[in-house]
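Understanding the architecture of this molecule
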Number of protein chains: 4
Amino acid sequence: MTHKIAILGASGYTGAELIRLIATHPNMDIIALGANSKAGQSMAQVFPHLRHLDLPDLVKIEDIDFTKVDLCFCALPHKTSQEVISALPHDLRIVDLSADFRLRDPEAYETWYGNPHSAVEMQGEAVYGLTEFYREAIAKARLVAGTGCNAATGQYVLRPLIADGVIDLDDIILDLKCGVSGAGRSLKENLLHAELSEGYHAYALGGTHRHLGEFDQEFSAIAGREVKIQFTPHLIPANRGILATGYVKGDPDAVYASLQNAYADEPFIEVLPMGEAPSTRHIRGSNFCHIGVSRDRIEGRAIVVAALDNLTKGSSGQALQNANLMLGEDETVGLMLAPVFP
Amino acid sequence: MTHKIAILGASGYTGAELIRLIATHPNMDIIALGANSKAGQSMAQVFPHLRHLDLPDLVKIEDIDFTKVDLCFCALPHKTSQEVISALPHDLRIVDLSADFRLRDPEAYETWYGNPHSAVEMQGEAVYGLTEFYREAIAKARLVAGTGCNAATGQYVLRPLIADGVIDLDDIILDLKCGVSGAGRSLKENLLHAELSEGYHAYALGGTHRHLGEFDQEFSAIAGREVKIQFTPHLIPANRGILATGYVKGDPDAVYASLQNAYADEPFIEVLPMGEAPSTRHIRGSNFCHIGVSRDRIEGRAIVVAALDNLTKGSSGQALQNANLMLGEDETVGLMLAPVFP
Amino acid sequence: MTHKIAILGASGYTGAELIRLIATHPNMDIIALGANSKAGQSMAQVFPHLRHLDLPDLVKIEDIDFTKVDLCFCALPHKTSQEVISALPHDLRIVDLSADFRLRDPEAYETWYGNPHSAVEMQGEAVYGLTEFYREAIAKARLVAGTGCNAATGQYVLRPLIADGVIDLDDIILDLKCGVSGAGRSLKENLLHAELSEGYHAYALGGTHRHLGEFDQEFSAIAGREVKIQFTPHLIPANRGILATGYVKGDPDAVYASLQNAYADEPFIEVLPMGEAPSTRHIRGSNFCHIGVSRDRIEGRAIVVAALDNLTKGSSGQALQNANLMLGEDETVGLMLAPVFP
Amino acid sequence: MTHKIAILGASGYTGAELIRLIATHPNMDIIALGANSKAGQSMAQVFPHLRHLDLPDLVKIEDIDFTKVDLCFCALPHKTSQEVISALPHDLRIVDLSADFRLRDPEAYETWYGNPHSAVEMQGEAVYGLTEFYREAIAKARLVAGTGCNAATGQYVLRPLIADGVIDLDDIILDLKCGVSGAGRSLKENLLHAELSEGYHAYALGGTHRHLGEFDQEFSAIAGREVKIQFTPHLIPANRGILATGYVKGDPDAVYASLQNAYADEPFIEVLPMGEAPSTRHIRGSNFCHIGVSRDRIEGRAIVVAALDNLTKGSSGQALQNANLMLGEDETVGLMLAPVFP
C-alpha cells in the first residue's frame, strides 16, 4: 500500500532531505509540496539536485487538499508551524520538524521561545519524536514533534546513563560541534562561506541554547528530579554533522555497559568498541549514529562522544523513521542508505 | 536471483563507493572482499562508515574462491590490475575500474602509461565502459574497462557533438575542475588538507594527462579522423565532483539539439534548459550527470558544462551500471539514489 | 611624513583588507572610517579581527571632515560610489575600488551596468588602476579607478601577449576560477557555506560578466582594433584566490618571452619557470601574482595560468599600491607581506 | 643591528611560518636554512609562496657554519631535535619548537614520549617558552623550549585562574578544537583532504595527549599541589586555528577579573567583553589570542574560550617573540601583522 505524503516547507534543507530519503521509499508517494514563498516553482528550480524526480510543483499550503493525504511532514519555521498545524484537519497524521511541539509545558515553551504558545492543547497531544525512546507512543500518535538535532545527539549520549543511574547528575557537560546546515537556508552573515570557512567558534554560551529546554524536560523526567546540564554548541566549517562530546562522572565500564545495553537492538545506533571515537565523516548522509566511550585518566570519569548527521538522524531521517511507525511500516524503510564517504 | 559479487581493491575509495551502492541493490550479495595490504581486517576497521553492513572480512586475492563468483569488480591500482586480471579464471565476468583496459591499442597504452601492457590479448577483448555509448556491447561483454572519471565527463560533453558534426574538430578546449577523491587514498603531499584547502591549481598541463589517451581513441573513432583536443584539469578544494567546461565552435542551437537528442532517453544524463549551468553540489553522491549549454557572445561559439560525481558516475556508479547490464538486470538498479545536498 | 587616510565603505571585505594592509604601513594614518549602515559602531564590533588596532569608530560619510584627508579610499558598492564621489571635494585624492570609473566610455558603462552614469565628467578624469600598466598616469592622478579582480588577473595574462602581437586576437579563451570573497559580504543564498562548500559551478556564461567591459576596453586599446575574448568565471569553494587559465594561439616560447619581458622588473608579478603552474595557495593574503606558461601538445598553442588574491592584488592591495604612487611613496610600502600558507 | 638567523627544519610548516614572519622583521637576516631531506633545493621549490624572498638554499645541518649565527630556530621533529641541539655549539642561542625541552623532569619526559631523554642536562637549562609567564627568564636564556600549541592555548585559559585561586582545581575540563596544520606536513591518511573535509572527531581521548605533560607540570607548579585536568582535542576541517573551551567551577566575575588582570598589559592577548566568544577566523595568520568568558546558567560555573593560530601564536610566532627577547629587541617586532579575514 502506498501512503500519500505531503511536505510543508519543502524549500528548506530539511524539506529537501525528506524528499531525498522518500525518493527511495517503496511505499510513499509525495502528492503535495507546500512552500508559500516559492509557490508556483518546480522542485527542479528550487533544488536542482532533485530534478530527476517526478515531483509535484510547489503550491501554497492553503491550496493543498489534505483529505487525500495520509501523512504530512511539516518542515516550517518555528512559530509558523504551530499556526499552520492548528489549522490543518485534526485527524491528519503529522510529523512536525519544528521546535513548536517539543516542550510539553506551555510555560517552558514561553521561557525558551519568548512567546506564548498558540496551540497549547496540541502541545499536550504531541509525542516527543526521539524514536528509540518513544517508539510505542509514536506508533499510535497523530502528531509527533521531531526533536532538535543537537537535542537528539545529546540524548543519545546521556539518556541511558541517567536512566541507569551510573553518572553524577549534577556534573554533566556536553560540548557539541555542529555543521552549518543545522542553521537552515536563512540569509545570515555568519552563515556565509567567507565567514565560516576556516572559522569555528562557540555560540549560545552559558546555557542559553533553546535545545536545553528539551534536555531539561527529558532528563528531569527520566531522573525523577531536576537535572540541568552544561551545554555549549560550536559552529564548525562543515555542512553536515554533529559531534557531541559528553563529560560524565561515573565508572567508565558501567557507562559503556549502559550504552551498549540500551542500543544493542537498535538498527541505527552503533556503539563502537571501548576506547574508539566516532567521526562525522562516517555517518554523513545517513541515519546512523555512532557512539564511543573512553575512560579518562582521572578515575571515575568517562568521555562519551556521539556523531550523527543533523539533517538525517537529527531531523528528516528521524521524521521518516517516525512516519514509518505511524503508518505501520518497518521503521527502517527508506533509511538504510550507507553514509557517503569521502 | 541474487548475484554473488567479489570486489578486489576494497580498501580504496572506489571500492568503498561500490560497497555503498551495492548495499541498496536488491539482487547483489558481496561474498568476497580482496585487499592484499589490509587482508585480515574487517571493513569496520578500514571504513567505519560501512560498519553497519554485514560484510565479509578483507582477504588476500589468492584466497578468494572465484568459482562461486558471478561478477568481480576490480578496483586495483593501474598496472596491478592487468596482472591480477590475467590470472583470474578466463570465464569470470569482470568490471575493471583501473586504466589498464581502456586503451585498445597496445602502443597507445605504452605511450600514455610508460610500460608495455602485460595482457595484450585481453586489451582487445575488453569493452570500453561508457555505458550510454557501449550499452549493447557491455551487456554481452566478459571484461568491461571502466573509463577515466575525467574521460567520462569530457565524453558526455563532446561525443554527440563530434558524432553529429556540429562543431569544429580542430578547436576543442576542455577545462576541467575535479575534487580530490579522484586521486584516491594515496599518501601524497599535495593531497593533504593543509595543502589543498583554500588552494586550487592546474596540473598535467599541455596535453600530458593520461585521460587524453581515451579522448584521442574515442573522438578519433567517432570522427573517422584524428581528433586532438586541448585538456587542462584543475584540482579543487572539494572531495567529490567533476565540472568540465567545454569551449566549442559551432552553432549553439545545434549543439544544444545534439546533446538533447543524444540524452533524451538516458536515465542518468540530464540536459538542463538552454543557458543554465550545472553545479557539482547538485549531483554529489549520485549517478547523475547534469549538462548545460550556453551561447557565447561571439557568434558560432558555445560553452558546454557537465557535472558529475567522480566516485559515482565517474567510477563506481558507472561500474555498477555496467555490471547490471552484464548480469541482465535493469541498468538503474541500486543507482537511483538522489544527490546529497547540502 | 604621515598621510591622513579616510576609508569609505569600511564595513565590507575590501574595506577590512585595506585596514589590514595599512596597519603595517609606516606612513599612513587612518583618521576616518565611513560606513553609513553601521555608523556609530567600533571596528572591533564590525570586524573583531581588527580589534587590536587603534582605529576611529565608523561614522556617516557626511560627518567626515575631508579637508583633513590626504587620500580617500572608496570601497562602496557600485553606483553608490559615483554618487558619493561626485559629492566629495574635487581636489581630494581618491582611489575608488568600485566598478564606477573603470570604463571610460559612458555608453559602454551603461551597456554593462544597466544605468546611465551620473558623473560622466569624472569618468573621463579617472585613471585605470592596473598599476603595472598605468604607473605614470596613476602617480599624477587625482581619481584612480581600481580594476575588477577578475579583470586584473586576465589582463596580467593577456596584455603583454596582445601588445607584443604574439597571439591570435580572435581566439582567446579565459577560464577563471574565483573564491567567494570576491562576491563581498552580501547576503545571497548562493554565498552560504551550505550551498558553496563541496560545490563549484560556472556563472555569467557566454560573455555576460561585467568585467568583460574592462577586457574589451583595454585589449582593444592595446591592439588598436576590436578584441573580444571568451570569458567564463567559476565559483570555487574557497574564500580567497583567483586562478585564470588562458588558452591562446601562438608560439609558446614567444608567449613566455613576452610575459617574462613584461614583468622582469615588477615587484609583485612572478613569472614561474616554463612549464610550472601557479596555485592560489601560494599567493593567499599577499599582493603577489604568479604566472605560469605551458606548451600544449598541439603546436602553436599555449596555456597561461595566473594566480592572485582577489582581495589583495585584485582589489585592496592594488588600491594601496596606487595610493602609494599618488602620495609619492615607494609603491611597495605596506605590501611586502608574504603569503599565508598553509 | 641585524641578527644573523639560522632555521633548522625549514621545510616544515612551522619553518615556513617563521620565514613568513621574519620576512617583515627589520633586524633579522636569515643566513642559513637547514633541512636534511631537502638539502640542495631552493625555498622556491619547497615553498613556492616564499619565492619572492631572497633566501639561502636549503643545506644539510652539518654544513652550516654556526659561528656566524646569532640565534638558531630549531623546527625539527621531536627526538631529532634533542640530538641535533646537543651537538650544536653550547653557547649558541636556540629557540626550539619541538617538544624535546618542554618538560623539565626526565621521568615525565620518558612517560609522555616513550623514550629516555638523550640530553638530560639541557632539559634543566631550557626555559619554558610561554612568553607572557616566563618573560624575564626567556630574555636571559640560551635555550628556550617552545610550548605545545594546544598547551599554550590551554594555559592562556587556565594559568591566571589557578594562580589566583578562583577555580576548583579538581574539576577542570578543556575541550579543544584544532585545525590540521598542527599535525605538520607528514603523510598520514587522516590528514588527507578527502578524509578530513566535512569530517571532525575527537582523538587522544581520556588523557593520553602529550600536551597533558605540559599542563601537569605547569599547573601543579603554579598551584603548589598536583593538578590534573581533563583534556580532549578534536580535529577540525580547517587549516589553522585552535579553539579551547574551558569548563571551570568558580565565580564567573572572579574568573573574568583574573583574566582581565593577568592580560591587561599584554600586547597579544585580548580579553573580550564579558559574554562574548572568540572565533578562530579573527586571529588567523596573526600572533593574537582572543579570550572570552561566559557565565553558565548553573551558579558558580564559567566557560572560558580562547582562540589562537596554532602556527603563529601557538608555535612560530611565539618562537619569534621569544627570540626578540633573547636578542634584546622589543618582543612585538615582526609580529604585529593583522589577522587575515576572510
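Reading the values: the criteria
- Per-chain numbering applies: the sequence of each chain, read as written, is numbered from 1 onward.
- Written order determines the labels here, with chains lettered from A and ligands numbered from 1.
- Only residues with pLDDT of at least 70 are given local features in this predicted model, and only at 80 or more are side-chain atom pairs given and counted; all residues enter the totals for whole chains, interfaces and linings.
- As a rule here, side-chain values come from all non-hydrogen atoms in the structure, and water together with hydrogens is ignored.
- Two strands are said to pair when DSSP picks up at least two bridges between them.
- Numbering of helices and strands starts at the N terminus; helices are DSSP runs of H or I of at least 4 residues and strands are runs of E of at least 2.
- Contact criterion: two residues are considered in contact whenever any of their non-hydrogen atoms come within 4.5 Å of each other.
- Working convention: axes come from line fits to C-alpha atoms, limited for helices to the stretch in contact. Angles between N-to-C directions cover 0 to 180 degrees.
- Two parts lose some accessible area (1.4 Å probe) when they are put together, and adding that loss for both gives the buried area.
- Salt bridge, as applied in this entry: a Lys or Arg side-chain nitrogen positioned within 4 Å of an Asp or Glu carboxyl oxygen.
- N or O atoms within 3.5 Å of each other form a polar contact, as long as, within protein, one can give a hydrogen and the other can take it, and as long as residues adjacent in sequence are counted only when both atoms are side-chain atoms.
- Classes in brief: Ala, Val, Leu, Ile, Met, Phe, Trp, Tyr, Cys and Pro nonpolar; Asp, Glu, Lys and Arg charged; the others, Gly included, polar.
- Note on aromatic contacts: the rings of Phe and Tyr and the six-membered ring of Trp form a pair at centre separations within 6.5 Å, being stacked when their planes are under 30 degrees apart, edge-to-face when over 60 apart, and tilted otherwise.
- Only protein chains enter the accessibility calculation, which uses a 1.4 Å probe; a residue is then buried when its area is under 20% of its type maximum, exposed when over 50%, and partly exposed in between.
- In this comparison the copies share one frame, found by least squares on the C-alpha atoms of residues holding pLDDT of at least 70 in both.

Things to note about the sheet that holds strand S2 (residues 28–34) of chain B
Residues and elements named next belong to chain B.
- With parallel pairing, the seven strands of this open sheet are ordered in space as S3-S2-S1-S4-S5-S7-S6. The strands lining the two open edges of the sheet, one partner per strand, are strand S3 (58–59) and strand S6 (127–128).
- With two bridges connecting them, S6 and strand S7 (residues 143–145) associate as parallel partners. Note that in S7 the partner of Val127 across the bridge is Val144.
- Of the strands in this sheet, strand S1 (3–8), strand S4 (71–74) and strand S5 (93–96) touch helix H3 (residues 80–87), which is tilted by about 180° from S5.

Overview of the sheet that holds strand S6 (residues 127–128) of chain A
- Read across the sheet, seven strands follow the order S3-S2-S1-S4-S5-S7-S6 (chain A) without closing on themselves; strand pairing throughout is parallel. Looking at which strands have only one partner, the edges of the open sheet turn out to be strand S3 (58–59) and S6 of chain A.

With respect to the interface of chain B and chain D
- Each side of the interface is counted separately: chain B has 18 residues, and chain D has 18 residues.
- Area buried by chain B at its contact with chain D is led by Leu187, Leu192 and His193 of chain B, which between them contribute 39% of it.
- Linking chain B with chain D are six salt bridges, by the criterion used here.
- Residue Glu195 of chain B pairs with Arg185 of chain D through a salt bridge whose shortest N-O separation is 2.9 Å.
- Inspection of the chain B/chain D interface yields twelve residue pairs in polar contact (both at pLDDT 80 or more).
- For the side of chain B that touches chain D, the class distribution of residues is nine nonpolar, four polar and five charged.

Notes on the packing of aromatic side chains
All names here are of chain C.
- Applying the stated criterion to the full structure yields 36 aromatic pairs over all chains.
- Geometrically, the ring pair formed by Phe133 and Tyr263 is edge-to-face, given 6.1 Å between the ring centres and 80° between the ring planes. On the criterion of sequence distance, the pair formed by Phe133 in helix H6 (residues 131–140) and Tyr263 in helix H10 (residues 252–263) is long-range, its members being 130 residues apart.
- In this structure Tyr263 comes out as buried when scored by relative accessible area, which is 3%.

With respect to the interface of chain D and chain A
- On the side of chain A, 55 residues touch chain D, which itself brings 55 residues to the contact.
- Note on chain D versus chain A: buried area summed over both sides is about 4,600 Å², and carbon and sulfur give 49% of it.
- A per-residue breakdown of the area chain D buries against chain A is headed by Glu198, Tyr200 and Arg297 of chain D, which together make up 20% of the total.
- If you look at where chain D meets chain A, you find ten salt bridges.
- Measuring nitrogen to oxygen at the nearest pair gives 3.5 Å for the salt bridge that ties Arg301 of chain A to Asp171 of chain D.
- Where chain D meets chain A, there are 40 residue pairs in polar contact (both at pLDDT 80 or more).

Observations concerning the relation of the copies chain B and chain D
- Superposing chain B onto chain D takes a rotation of 180° plus a shift of 0.0 Å along the axis, which leaves an RMSD of 0.0 Å. The transformation just described matches what one would write down for a two-fold rotation axis.
- When the interface residues of chain B are mapped onto chain D, 100% of them again fall at the interface, so both copies present the same face.

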